[in-house]
Amino acid sequence: MNKIKLEIVGLSYSQTQSGAYALVLGEINGRRRLPIIIGGFEAQAIAIEIEKLTPSRPLTHDLFKTFASTFSITINEVIIYNLVDGIFYAKLICNNGKKDIEIDARTSDAIALAIRFECPIYTYEFILASAGIVIEGNDFVFLENLDASKDEPPTSGETSKTTYASFTDDELKSALQQALNEEAYEKAAKIRDEISRRKSS
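Residues numbered from 1 in each chain as written. Predicted model: local features only at pLDDT ≥ 70, side-chain atom pairs only at ≥ 80, totals over all residues. Heavy atoms only, no water.

1. Some points on helix α3 (residues 107-117)
Extensive coverage of α3 is indicated by the burial of eleven of its eleven residues. Within two residues after α3, E118 carries a phi angle of roughly 55°, on the positive side. (Buried < 20%, exposed > 50% of the residue type's maximum accessible area, 1.4 Å probe, protein only. Helix = DSSP H or I, 4+ residues; strand = E, 2+ residues; numbered from the N terminus.)

Okay, structure coming up:
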C-alpha cells in the first residue's frame, strides 16, 4: 500500500466538545484534509513544539524524546495506519541502530513525537478517502465519516452533537461555506451530514 505524506495545517479549539481540539492534517501537494479530535493535553504538547516554546519543566513527550535520544533510539516515521469505528490508529517506526521496530501509539501522541523527532507523518489512501475533506477552488466535496473521526473512543461526558435540522437548505449551504472559509472542519462535517441526510430522505 502506498503511503501518503501529511503535514499539520491547523490546530483549533473544538466547537462541539468541551476541552477537545481539532487537529487538521493536510496531504502534501494535495487538497485533502484529515481532521482528528484530540484532548487538551495532547493539543498543548503539539502547539508548544510547533511554536518552539520551552516549558519550565519537560512535558511527557519531551521526556520521551530525551530518553530515546539518550539510548540512541530514533523515530523514523509515524504512520496513521487504520480507522475503525471512527477511531484512528497510529504507530511509530523506530530504530535502535540495529533494526526497525513498530510501536503502537495514540495518533495525537504519535504526532506530538513526530514533531519533536522531525520525522514524516504518513497515512494510506483508504483513510483519506473515508475520513477526509477535499477542497477544490471555491467548491467542496466531503468524504465519508469525518464527524466520527477521533483519536480516542468517546466518553460519557462528551457534549451531544449540534443539530442543524432546523436550518433551511440555503442556511445550511451558507453555514457550510463559512465553516470551510474558517477551516472549521469539524463543524463543516456536521453540516455536511445534515445536507446528506436531506438528500437521501
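2. Quick word on the environment of Y13
Tracing the sequence through the fold places Y13 in strand β1 (residues 3-13). The spatial distance from the C-alpha of Y13 to the C-alpha of G40 is 8.8 Å, given a sequence separation of 27 residues. The contacts of Y13, once residues within four sequence positions are left out, are S18, G19, A20 and Y21. (Contact = heavy atoms within 4.5 Å.)

3. Some remarks on the packing of helix α1 (residues 40-50) against α3
When two helices pack together, their arrangement is given by the angle between the helix axes and the distance between those axes. It is at 9 Å that the axes of α1 and α3 come closest, and there the two elements cross at 15°. Relative to α3, the element α1 lies roughly parallel. The way α1 lies across α3 gives a crossing that is left-handed. For the pair α1 and α3, contact is made by E42, A45, I46, E49 and I50 and by S108, D109, I111, A112, I115 and R116, respectively. When its residues are assigned to classes, the contact of α1 with α3 shows six nonpolar, one polar and four charged. (Axes fitted to C-alpha atoms, helices over the stretch in contact; angles between N-to-C directions. Parallel < 35°, antiparallel > 145°, perpendicular 65-115°, else oblique. Left-handed = near helix turned anticlockwise from the far one by under 90°. Nonpolar A, V, L, I, M, F, W, Y, C, P; charged D, E, K, R; others polar.)

4. Notes on the confidence of the model for the protein
A low pLDDT means the predicted coordinates there should not be read in detail. Averaged over all residues, the pLDDT of the protein is 81; the fraction at 70 or higher stands at 79%. At the low end of the mean pLDDT range in the protein sits strand β9 (residues 139-142), at 43; at the high end sits strand β7 (residues 121-124), at 97. In the model, residues 153-162 has pLDDT below 50 throughout and makes ten contacts with residues more than four positions away in sequence or in other chains. (pLDDT = per-residue confidence, 0-100.)

5. Digging into the pairing of β1
One ladder, built from four bridges, connects β1 with β7; its direction is antiparallel. Residue pairing across strands places K3 opposite Y124, the latter belonging to β7. Where β1 and strand β2 (residues 20-27) come together, seven bridges link them in antiparallel fashion. Note on β2: the bridge partner recorded for L6 is E27. (Pairing = 2+ DSSP bridges.)

6. As for the side chain of E27
Tracing the backbone shows E27 in strand β2. A polar contact of 2.9 Å, which involves the side chain of E27, links it to the side chain of R32. Those residues in contact with E27 that lie beyond four places of it in its chain are I4, K5, L6, R32, R33 and L128. (Polar contact = N/O pair within 3.5 Å; in protein donor to acceptor, adjacent residues only side chain to side chain.)

7. A short note on the pattern of salt bridges
According to the stated counting rule, one finds nine salt bridges in the structure shown. Within the structure, one salt-bridge network assembled from shared partners comprises E27, R32 and E125. (Salt bridge = Lys/Arg side-chain N within 4 Å of Asp/Glu carboxyl O.)

8. A closer look at the packing of helix α2 (residues 60-70) against α3
Running from N to C, α2 and α3 cross one another at 55°; their axes reach a closest spacing of 10 Å. Classified by the interaxial angle, the pair formed by α2 and α3 is oblique. Along this stretch, α2 crosses α3, giving a crossing that reads as right-handed. Taking contact as the criterion, the partners of H61, D62, F64, K65 and A68 in α2 are, on α3, D109, A112, L113, R116 and F117. Grouping the amino acids of the contact of α2 with α3 by side-chain chemistry returns five nonpolar, one polar and four charged.

9. Notes on unusual backbone geometry
Positive phi values are uncommon outside glycine, yet N29 reaches one of about 55°. Of note, N29 is situated in the loop between β2 and β3 (32-39).

10. Some thoughts on the nonpolar core
Formed by 32 residues in total, the largest nonpolar core has its most connected members in L25, L34, I75, V78, I80, F88 and L92. Mapped onto this core, the elements with two or more residues apiece are β1, β2, β3, α1, β4 (74-84), β5 (87-95), α3 and α4 (125-131). Broken down by element, the residue count for this core peaks at seven residues, all from α3. Residues Y164, L172, L176 and I191 belong to the second largest nonpolar core, which totals seven residues. (Core = buried A, V, L, I, M, F, W, Y, C linked by side-chain atoms within 4.5 Å.)

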